[in-house]
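What the coordinates show
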Amino acid sequence: MAQLTWRDLPIAGVVGPDTTPRPRTGGWRTGVRPEARLELCVDCLLCWLYCPDSAIRLDGTAFAGFDYDVCKGCEVCAEVCPTDAIEMVVDDAA
Amino acid sequence: MRPELVAPVPELLTGGQAVAEAMRQIDPDVVPVYPITPQTPIIQGYAAFVAQGRAHGELIDVESEHSAMSAAVGSALAGARTITATSSQGLALMAEIVYIAAAMRAPIVMALGNRALSGPINIHCDHSDSMLIRDSGVIQLFAENAQEAYDLMVMAPRLAEHPDVMLPVLVCQDGFTITHSAEPVELLPDKTVRAFVGEYVLPNPLLDLARPTTQGPFAMPDSYYELRHQQVAALWAALDVFPQLAEEFAAISGRRYAALEPYALDDAERAIVCLGSTGGTVKDVVDELRAEGERVGLLQVRSFRPFPREQVRAALVHVCGVSVLDRADSPGSWPPLYAEVAASLYGTDVYLRSHVYGLGGRDLHPERIRDVFSPEGAPSYLDLKGAPCRV
């Protein structure tokens, strides 16, 4: 916004949808990331419910993996998974 | 065949009743209200219309004016045409949100029954409540009588909602002098008002779920200044929009309004500048003095915000002596209207005088206005008991 004049700025500073670049907070991970063992997953979606960063991907009502662009590696999903289908592994990308 | 009688029959209404009628005809979607003298007859009258099924707005009885104004901001931005009303301490309590309403560009219409601010506590008219929110960024129009209060109220939604404006509009009428005094008022037909005000359209209604927006975001030093300047531009735009609206309104009513109303001013040697109902009294005195051969006139300021400063200068630059009547004071400096007029006339040869009058509802009689026009002049504080502390 720094270069925008008063004429360029939206009236009253109203922010429209999809105007902010999607933050890639996954870069904040420090060391570990979740990985799923799909053979153990029962699609209970507790991970989806508890994830503070909306990093659980769904396909309809089925678990469909992690969005590592926003996953901060907090390990909550692994903690709440009732079938131990989520394992924290060393995060090479970090 | 006799031509159809088109002239409406005037009704005997107080300013408060007339504005309540305007609200019924505008038929806003939401009306958050809290009672306060002398505004109460406005919302009471409107509430009666709702109870009778003659008005269809959602009347929200809130617990304070702060809440009334907050609800008004929410509903106006959500996409509902919103009107509220207040006076004095009520406006003082609203003040925080009045600034926010202006900044969020919420086109709320507010009916104000001007009343002195406490303290000492007082219920009668002066303009200190309006002056409290002078710099809030809202539009303030001052009516001279009940007819003007009604007419300006009908025009207010269009001015508030104009795409170049998008600001709250206050229609100010002097407490008791106008709000509670019955006089003949010509109401427009309901259909005419409905057609005139039209539909409420916002560029970014908050309830547009297909295009969600963040409204009222935090503004850092890199954008706050610019967003404030947008309000400056909107206020000045209102000065351009008002004559267009006034033209449209004249077409349906036969009554024409302008930001300034000059009265016998063209060849005037001495003139008064004032706001509100006092203009009516001054007009009477001008008529009397003109009949006696005195070249006196009046410049009635209808739009106090935006203040038509170039027009004020053009209207007064040829007048030898100008006396500005302020129904509010600014302790420790010049009274507000005087300061505006003086700044507008800076560098001219016009001789200026400042007169404060009528605080807390003290009457201003025609004899005193004669004194103001007289060569001897009048004190800087009219009808003050005792000499002013400074002359």
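These numbers were taken from a predicted model, which means no experiment stands behind them. (Residues numbered from 1 in each chain as written. Chains lettered and ligands numbered in written order. Predicted model: local features only at pLDDT ≥ 70, side-chain atom pairs only at ≥ 80, totals over all residues. Heavy atoms only, no water.)

Turning to the sheet that holds strand β13 (residues 321-326) of chain B, a few remarks are in order. Residues and elements named next belong to chain B. Within the open sheet, the 5 strands sit side by side as β9-β11-β10-β13-β14. Their pairing is mixed. The strands lining the two open edges of the sheet, one partner per strand, are β9 (260-263) and β14 (351-356). Strand-to-strand twist across the sheet, computed as the mean angle between neighbouring axes with direction ignored, equals 20 degrees. Strands β9, β10 (270-274), β11 (296-301) and β13 of the sheet are contacted by helix α9 (residues 278-291), whose axis makes an angle of about 165 degrees with β11. Sheet strands in contact with helix α10 (residues 309-316) are β9, β10, β11 and β13, and its direction is about 175 degrees off that of β11. (Pairing = 2+ DSSP bridges. Helix = DSSP H or I, 4+ residues; strand = E, 2+ residues; numbered from the N terminus. Axes fitted to C-alpha atoms, helices over the stretch in contact; angles between N-to-C directions. Contact = heavy atoms within 4.5 Å.)

As a measure of interface size, the accessible area lost when the parts come together is often cited. Residues and elements named next belong to chain B. Looking at chain B, the domain boundaries give domain 1 (3-253) and domain 2 (260-373). For domain 1 versus domain 2, the distance between C-alpha centres works out to 26 Å. Tallying the contact residues gives 26 residues for domain 1 and 27 residues for domain 2. Both sides of the domain 1 and domain 2 interface together cover about 2100 Å² of buried area, and 60% of this is carbon and sulfur. Our enumeration of links across domain 1 and domain 2 arrives at 4 salt bridges. Here domain 1 is connected to domain 2 by 12 residue pairs in polar contact (both at pLDDT 80 or more). Among the elements of the structure, α5 (128-132), β6 (139-142), α6 (146-161) and α8 (224-253) are those that each provide at least two residues to the side of domain 1 that touches domain 2. Here the side of domain 1 that touches domain 2 is composed, by residue class, of 14 nonpolar, 6 polar and 6 charged. (Domains from an automatic or database assignment. Buried area = accessible area lost by both parts, 1.4 Å probe. Salt bridge = Lys/Arg side-chain N within 4 Å of Asp/Glu carboxyl O. Polar contact = N/O pair within 3.5 Å; in protein donor to acceptor, adjacent residues only side chain to side chain. Nonpolar A, V, L, I, M, F, W, Y, C, P; charged D, E, K, R; others polar.)

This part covers the pairing of strand β3 (residues 62-66) of chain A. Residue and element names in this part refer to chain A. Pairing of strand β2 (residues 56-59) with β3 involves 3 bridges; the strand directions are antiparallel. Its bridge partner being in β3, Asp59 is matched across the sheet by Ala62. Where β2 folds back on β3, the antiparallel hairpin that results is connected by 2 residues, among which Gly60 adopts a positive phi of roughly 65 degrees.

Our next topic: a nonpolar patch on the surface. Residue and element names in this part refer to chain A. Taken together, the side chains of Trp48, Leu49, Tyr50 and Leu58 present a nonpolar region at the surface, about 420 Å² in accessible area. Tracing the sequence through the fold places Tyr50 in helix α1 (residues 46-50). The partly exposed category is assigned to Tyr50, whose relative accessible area is 46%. (Patch = residues over 30% accessible without salt bridge, like charges linked within 9 Å, V, L, I, M, F, W, Y side chains within 5 Å. Areas by Shrake-Rupley, 256 points an atom, 1.4 Å probe, with all protein chains shown as cover. Buried < 20%, exposed > 50% of the residue type's maximum accessible area, 1.4 Å probe, protein only.)

Across the contact, 14 residues belong to chain A and 17 residues belong to chain B. For the pair chain A and chain B, the two sides together bury roughly 1300 Å², of which 68% comes from carbon and sulfur. For the chain A face of the interface with chain B, the top three residues by lost area are Trp6(A), Ala12(A) and Val14(A), together amounting to 42%. At the boundary of chain A with chain B, the tally comes to 0 salt bridges. On inspection of chain A and its partner chain B, the count reaches 5 residue pairs in polar contact (both at pLDDT 80 or more). For the side of chain A that touches chain B, the class distribution of residues is 11 nonpolar, 3 polar and no charged.

Let us look at the side chain of Arg81(B). Along the chain, Arg81(B) falls in the loop between α3 (65-78) and β4 (83-86). Setting aside residues no more than four positions away along its own chain, Arg81(B) makes contact with Ile26(B), Pro28(B), Asp29(B), Val30(B), Pro157(B), Glu161(B), Arg194(B), Val197(B), Gly198(B), Glu199(B) and Tyr200(B).

Before going further, it helps to spend a moment on the sheet that holds strand β5 (residues 109-114) of chain B. Residue and element names in this part refer to chain B. Sheet architecture is open: 5 strands sit in the order β4-β5-β7-β6-β12, paired in mixed fashion. Of all the strands in the sheet, just β4 and β12 (303-305) have a single pairing partner and so form its edges. Pairwise comparison of adjacent strand axes, ignoring direction, gives a mean angle of 25 degrees for this sheet. Taken together, the 2 bridges between β6 and β12 define a ladder with antiparallel strand orientation. Opposite Gln140, over in β12, you have Arg305 as the bridge partner. Along the sheet face, α6 touches β4, β5, β6 and β7 (169-174) and points at about 170 degrees away from the line of β7.

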